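Each chain is listed here by its residues.
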Amino acid sequence: MRIGMVGLGRMGANMVRRLIRGGHECVAYDRSREAVQAVASEGAIAANSLAELAAALRPPRAVWIMVPAAIVDSVIAELRSRLESGDILIDGGNSHYQDDIRRAAELRPAGIHYVDAGTSGGVLGLEQGYCLMVGAEPAVFATLEPIFATLSPGGRAAKRRASAQEARAGGPTAREGQWQGASREDALAMAEMGYLHCGPNGAGHFVKMVHNGIEYGVMAAYAEGLNLLRHADAGLKSEEADAETAPLSNPRLFQYQLDMAAVAEVWRHGSIISSRLLDLTAEALASDPALGHFGGRVSDSGEGRWTVQAAVEVGVPAHVLSAALYSRFESRGRAEFADKLLSAMRLGFGGHLEKKS
């Protein structure tokens, strides 16, 4: 299958490479000529503009957009006049699912199909494959399934367990409230390969949004737990005794000098909390135990906020996800003024002076 790829960053370029290895033809475009030439040297068809990309694709075209969420609309606007009825646009970035619903409605009168494909796998996806969460019309998903299958960890299409007619009708075993685009057997077969037709437009990015919210929480749990282990030697340190410092009740209970890299490594083997995120943590600690190359300023790209907002809208508790998001805000100094106010109040009611760090 021939497909266009717009955006050749850390993930887009490797997705092109994986598709080419899987036997697909890729027409690649990026504002960086160097990025285009890099994938062209590995078999991609180079395009120097979006116009060239559209011209190099045979109708009905399929164009995968892999750019930051903030510029997806501008890319679609530039592409739209070069597309025609029956063409398909796939947004594989981290767009807000509400934008997907809007874009699909805007493109529908022109007969252009829109697909949201939440994509997880990062820089490891080239070799290990990408987890794909897709929102699309059933027929459009079926057209693109060879692409999703090649990109997925399974590397091949899921074996169908229900007839095509049953799949389109929702299948004989669809659960109450389940998306009626595939039978439950087919959905599980796809999921086992690492890709899933989650539902209509927006469903893919909604699932990916919550996926990223969970990622925030898991990362925060590892960070907090390992930070506690790093301070397990508190009883070996002499602390100044004063009215502003709560002393250790029993310093003898906190005299462990732990090898953090080794702890993270042992958790990777046979532990119930092993994961790819732990693998990356262990690798970072092994190369730099003090993490001296990092300043501790943690960004958030939006999905964590949207997850918490969705939880508020539907009235679902999300304590861990909310706390993980707020800790990222705090890491960027956004709690500094509040902390100063706390010190000001303590000084006012009790004459407590701030201790120097």
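See the structure shown above.
Worth saying up front: this structure is predicted, and the values here are computed from it rather than measured. (Residues numbered from 1 in each chain as written. Predicted model: local features only at pLDDT ≥ 70, side-chain atom pairs only at ≥ 80, totals over all residues. Heavy atoms only, no water.)

Can you lay out the pattern of salt bridges for me, pointing to particular residues and giving the numbers?
On inspection of all chains with the given rule, the structure shows 18 salt bridges. The closest approach of N and O atoms between D87 and R61, which form a salt bridge, is 2.8 Å. One end of the pair, D87, is in the loop between α4 (72–80) and β5 (88–91); the other, R61, is in the loop between α3 (50–55) and β4 (62–65), with 26 residues separating them in the sequence. Accessibility assignment for this pair places D87 and R61 in one class, buried. For D73, the salt bridge is made with R103, and the minimal N-O distance between the two is 2.9 Å. Separated by 30 residues along the polypeptide, D73 in helix α4 and R103 in helix α5 (residues 97–107) bring together distant segments of the chain. Taking relative accessible area as the criterion, R103 reaches 2% and is therefore assigned buried. Here the residues in one salt-bridge network are D73, D91, D99, D100, R102, R103 and E106, joined through shared partners. (Salt bridge = Lys/Arg side-chain N within 4 Å of Asp/Glu carboxyl O. Helix = DSSP H or I, 4+ residues; strand = E, 2+ residues; numbered from the N terminus. Buried < 20%, exposed > 50% of the residue type's maximum accessible area, 1.4 Å probe, protein only.)

If you had to explain the packing of helix α10 (residues 203–230) against helix α12 (residues 276–287) to someone new, which residues and values would you point to?
The packing of two helices is summarised by the inter-axis angle and the distance between the axes. For the pair α10 and α12, interaxial distance at closest approach is 11 Å and the crossing angle is 40 degrees. Comparing the axis directions of α10 and α12 gives the class oblique. For the pair α10 and α12, the crossing hand works out as right-handed. Residue-level contacts link E215, V218, M219, Y222 and L226 of α10 to L277, L278, T281 and L285 of α12. Class assignment for the residues of the contact of α10 with α12 results in seven nonpolar, one polar and one charged. (Axes fitted to C-alpha atoms, helices over the stretch in contact; angles between N-to-C directions. Parallel < 35°, antiparallel > 145°, perpendicular 65-115°, else oblique. Left-handed = near helix turned anticlockwise from the far one by under 90°. Contact = heavy atoms within 4.5 Å. Nonpolar A, V, L, I, M, F, W, Y, C, P; charged D, E, K, R; others polar.)

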